[in-house]
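Working through the structure, step by step
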Amino acid sequence: MGQIKKIAVLTSGGDSPGMNAALRAVVRKAISADIKVMGVLRGYAGLINNEFIPMSSKTVGNIIQRGGTILKTARSEQFRTVEGRKTAYENLLKNKCDALIVIGGDGTFKGARIFIEEHNFPIVGLPGTIDNDLYGTDMTIGFDTALNTVIEAVDKIRDTAASHERIFFIEVMGRDAGFIALRSGIACGAEAVLVPEVHTDIKELHSRLTSYMAKKKTSSIILVAEGDDAGGAFQIKEEMKKFGGEFDMKVTVLGHIQRGGRPSAYDRYIASKMGVAAVDALLDDQRSIMVGMINRKVVHVPFNKTIKHHKELDQQMLNIVDILNS
Ligand code: F6P
């Protein structure tokens, strides 16, 4: 590939805290390497609608601490079509961009891979999602902040749960993965964690909670991943009633609060490190990879791999939930 003179950068899919920190790192590293940067608004939709804006060191000032994404984000239906991707390619050329950095999750990288196949255009990805469900990186940008948001909320709910001697089913995000539920469940001492990766047996859950009651544990927190096979938290509460008992049960769905807020120190750190590494990767002639971090080291993972491989949940940690409740 010839010398890179100008790159485009966008954020796509669900926003995550730390996307701004990653953007800042990309822009400032590129500028330091004499590369011009265009920001693309609203993810792939902005590529198609030609929403390019010039970025400078100043345009990314005072954003490292801000949640969300100043570039805005979207899930583009049009980019799923051959015509949409063709228009996006033409706009990249029109704006004289030689490469693209995309910050997002699984869907973002799937789009990137098809685009590269069709147009042979260099793209490097950065893992930005609260779900932490991307193969090839220990942590995604935003996961740590989301965990902190969840445990802060759960700690508060535990106060009222203990006071009223209630069982709370608290539903967290994660799409079809249980990383948020498991990690935050351990961090807030949940009595049970229900994740999509493991079949949920409501009868077993009911008898477990009954045995806790017998041991004079009068309140419990159950973390429910939204993708659990027994359904959402409301449905699980209803199912529990079928097995009788005197439980006083409540449901809280944490929802989009998990996506917002100031990024944690950890998310700002990995976003900055990986943002710089993304520009380095392009300078190193990489064309179709996600930058990740494994064992604290930056790694390059081909899009093909990160899309096809499934990131395994450490199910041993579910045993730890049980052990710590014994
Ligand atoms: O991928 C991030 C995520 O927050 C998932 O955890 C959740 O299932 C989904 O996005 C929600 O998407 P939306 O904000 O479009 O409803």
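Residues numbered from 1 in each chain as written. Predicted model: local features only at pLDDT ≥ 70, side-chain atom pairs only at ≥ 80, totals over all residues. Heavy atoms only, no water.

So, the domain arrangement of the protein
- Per the domain assignment, the segments making up the protein are domain 1 (6-142 + 263-308) and domain 2 (144-258).
- If you average the C-alpha positions of domain 1 and of domain 2, the two centres end up 34 Å apart.
- Counting residues at the interface gives 12 residues for domain 1, matched by 12 residues for domain 2.
- For domain 1, the biggest contributors to the area lost against domain 2 are Ile130, Asp131 and Met139; these three give 47% of the whole.
- The tally of links from domain 1 across to domain 2 stands at zero salt bridges.
- The interface formed by domain 1 and domain 2 contains seven residue pairs in polar contact (both at pLDDT 80 or more).
- Of the residues that constitute the side of domain 1 that touches domain 2, the class distribution is five nonpolar, three polar and four charged. (Domains from an automatic or database assignment. Contact = heavy atoms within 4.5 Å. Buried area = accessible area lost by both parts, 1.4 Å probe. Salt bridge = Lys/Arg side-chain N within 4 Å of Asp/Glu carboxyl O. Polar contact = N/O pair within 3.5 Å; in protein donor to acceptor, adjacent residues only side chain to side chain. Nonpolar A, V, L, I, M, F, W, Y, C, P; charged D, E, K, R; others polar.)

A short note on unusual backbone geometry
- The phi torsion at Asn62 lies on the positive side, around 60°, for a residue other than glycine.
- With respect to the helices and strands, Asn62 occurs in the loop between β3 (52-55) and α3 (82-94). (Helix = DSSP H or I, 4+ residues; strand = E, 2+ residues; numbered from the N terminus.)

Some details on the nonpolar core
- With 64 residues, the main nonpolar core has Ile7, Ile101, Leu126, Val193, Ile221, Leu223 and Val291 as its most contacted residues.
- Three or more residues apiece are contributed to this core by two domains, here domain 1 (6-142 + 263-308) and domain 2 (144-258).
- Setting aside anything within four residues of it in sequence, one finds Leu223 in contact with Val150, Val154, Ile170, Val172, Ala181, Ser184, Gly185, Ala190, Ala192, Val193 and Leu194.
- Core analysis: the second largest hydrophobic core is formed by 25 residues, Leu10, Leu134, Met290 and Ile307 among them. (Core = buried A, V, L, I, M, F, W, Y, C linked by side-chain atoms within 4.5 Å. Buried < 20%, exposed > 50% of the residue type's maximum accessible area, 1.4 Å probe, protein only.)

A closer look at the sheet that holds strand β5 (residues 123-127)
- Reading across from one edge, β3-β2-β1-β4-β5-β10-β11 is the order of the seven strands in this open sheet, with mixed pairing throughout. On the outer flanks of this sheet lie β3 and β11 (297-302), each paired with one strand and no other. Strand-to-strand twist in this sheet, taken as the mean axis angle between neighbours without regard to direction, amounts to 30°.
- Taken together, the five bridges between strand β1 (residues 6-11) and strand β4 (residues 99-104) define a ladder with parallel strand orientation. (Pairing = 2+ DSSP bridges. Axes fitted to C-alpha atoms, helices over the stretch in contact; angles between N-to-C directions.)

Notes on the sheet that holds strand β7 (residues 192-194)
- With parallel pairing, four strands are arranged side by side in an open sheet as β7-β8-β6-β9. Lying at the two open borders of the sheet, with one neighbouring strand each, are β7 and β9 (249-253). Along the sheet, successive strands turn relative to each other by an average axial angle of 20°, direction set aside.
- Examined bridge by bridge, strand β6 (residues 167-172) and strand β8 (residues 220-225) share six bridges and lie parallel to one another. Note that in β8 the partner of Phe168 across the bridge is Ile221.
- Running at roughly 165° to β9, helix α8 (residues 233-241) makes contact with β6, β7, β8 and β9 of the sheet.

Quick notes on helix α9 (residues 265-283)
- Spanning 19 residues, α9 covers 28 Å between terminal C-alpha atoms, matching the ideal 27 Å at 1.5 Å per step.
- Asp285 sits one or two residues past α9 and shows a positive phi near 75°. (Expected span 1.5 Å × (residues − 1).)

Digging into the pattern of salt bridges
- Scanning the entire structure with this criterion turns up 15 salt bridges.
- The partner of Glu191 in a salt bridge is Arg158, and the shortest N-O contact between them spans 3.2 Å. Placement of Glu191 in the loop between α6 (179-187) and β7 and of Arg158 in helix α5 (residues 143-164) is noted, with a sequence separation of 33 residues between them.
- Here Arg158 falls in the partly exposed class, since its relative accessible area comes to 22%.
- One network of salt bridges, in which partners are shared, links Arg158, Glu191 and Lys217.

Observations regarding the site of the ligand
- The environment of the ligand is made up of Arg75, Thr129, Ile130, Asp131, Met173, Gly174, Arg175, Glu226, His256 and Arg259.
- One of the side-chain N or O atoms of Arg75 is found 2.4 Å from an oxygen atom in the ligand.
- Arg259 is positioned such that a nitrogen or oxygen atom in its side chain is 2.8 Å from an oxygen atom of the ligand.
- When the ligand sits alone it has 400 Å² of accessible area, and the protein chains cover 74% of it.
- For the shell around the ligand, a count of residues per class yields two nonpolar, three polar and five charged.
- Split by domain, the residues of the shell around the ligand number at least three in each of domain 1 (6-142 + 263-308) and domain 2 (144-258). (Near = heavy atom within 4 Å. Areas by Shrake-Rupley, 256 points an atom, 1.4 Å probe, with all protein chains shown as cover.)

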